[in-house]
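Read off the chains here:
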Amino acid sequence: MAITLAEAKVGMADKVDQQIVDMFRRSSLLLDNLTFDNTISPGTGGSTLVYGYVQLKTPSTAAVRTINSEYVPGEAKREKKTTNAIIMGGSFQVDRVLQNTSGAVDELAFQAEQKIKATANHFHNMVINGDTAKGGFDGLKKLLTKTENELTSQVSLTTSAELDENYNAFLDEMDALVSALDGNATMLLMNNAMLIKLRSIARRAGYYERTKDDFGRTVETYAGVPMVDLGKYYDGESSKDVVDITEGKTAIYAVSLGLDGFHGISPQGNGVITSYMPDLNAPGAVKTGEVELVAGVALKNTLKAAVLKDIAIGA
């Protein structure tokens, strides 16, 4: 069975829970478009959220043979893999006096929204940089390392002059990136600095468009494919780009979303997102609220995602 956040919302009776889901959807174009395979069940006494699947690593091939000859055998290669859903979110506290005197700004709603944004940003970070060895799930950086879909840029885009001079060469690299996918690219994932560069290149080439989605968000596209700024995450000390810039170089990830490609994983039912909002009329001066996202990602086919790395954009 598969479910999107929009479908999960429909199955919720509580209006507050529905609003929380919509907040998650607004905070992340990726989360809003991911399909979740909601089949994880820890079982009786289970304490882990493991998702097992078969990954297609090399597709089968076809060839031509002559009369009285045999085909050279060639098989598709697949591999059994597992990944984990993880529990993300947090709690927040609001004094009832502050809530009752918050005026135009609902303090409880504000704190919930900020916690949701932080959780969505943490999910973004895991999607790119996650590692099961560090207690999360494997992200695209690890999943694509040393695969044929790990491409390296040879073009510098550090200045406006270089954009004018090199944008055609970079268009060729972008063609190679999206063509590396088995099927159409659904999204291009990057940081804001890279999005600014790609927007400029798309404008020069006539590939740039911008539209509004159902939430009123501006969605920018490169040749019809949404360009998504995955933003920053806060590590407890400072904010860092999800798709990092190291020594002036960064990356663009292309994904094909779907259950046969790159998709989300979650527990059975509609429990991908859960919220716990306090009863303001109950005793207790300090009210505690919580929001929680239980999710991970899986790459069923290694040709359903690709990365163009080492793109020189400057500091």
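As the structure is a prediction and not an experimental result, all values here were calculated from the model.

## Digging into the packing of helix H2 (residues 15–27) against helix H5 (residues 107–129)
One can describe the packing of H2 onto H5 by two numbers: an axis separation of 9 Å at closest approach and a directional angle of 50°. Comparing their axes, H5 and H2 come out oblique. Crossing handedness for the pair H2 and H5: right-handed. Each of Ile20, Met23, Phe24 and Ser27 in H2 lies in contact with H5, whose residues at this interface are Glu113, Ile116, Lys117, Thr119, Ala120 and His124. Within the contact of H2 with H5, the residues separate by chemical class into five nonpolar, three polar and two charged.

## Points about the packing of aromatic side chains
For any pair of aromatic rings, geometry is given as the distance between the ring centres together with the angle between the planes. Applying the stated criterion across every chain, the model contains three aromatic pairs. Relative to Tyr53, the ring of Tyr51 has its centre 5.9 Å away and its plane inclined at 35°; by these criteria the two rings are tilted. Comparing Tyr51 with Tyr53 shows no difference in burial state: the two are buried. Judged by centre distance (6.2 Å) and plane angle (55°), the ring pair of Phe123 and Phe137 falls under tilted. Here Phe137 lies in the loop between H5 and helix H6 (140–144) and Phe123 lies in helix H5, a separation of 14 residues in the sequence. Accessibility assignment for this pair places Phe123 and Phe137 in one class, buried. Sitting above the plane of the Tyr71 ring, Arg65 keeps its charged end 5.6 Å from the centroid.

Rules behind the numbers
Residues numbered from 1 in each chain as written. Predicted model: local features only at pLDDT ≥ 70, side-chain atom pairs only at ≥ 80, totals over all residues. Heavy atoms only, no water. Axes fitted to C-alpha atoms, helices over the stretch in contact; angles between N-to-C directions. Helix = DSSP H or I, 4+ residues; strand = E, 2+ residues; numbered from the N terminus. Parallel < 35°, antiparallel > 145°, perpendicular 65-115°, else oblique. Left-handed = near helix turned anticlockwise from the far one by under 90°. Contact = heavy atoms within 4.5 Å. Nonpolar A, V, L, I, M, F, W, Y, C, P; charged D, E, K, R; others polar. Phe/Tyr/Trp six-rings, centres within 6.5 Å; stacked < 30°, edge-to-face > 60°. Buried < 20%, exposed > 50% of the residue type's maximum accessible area, 1.4 Å probe, protein only. Lys NZ or Arg CZ within 6 Å of the ring centre and 35° of its normal.

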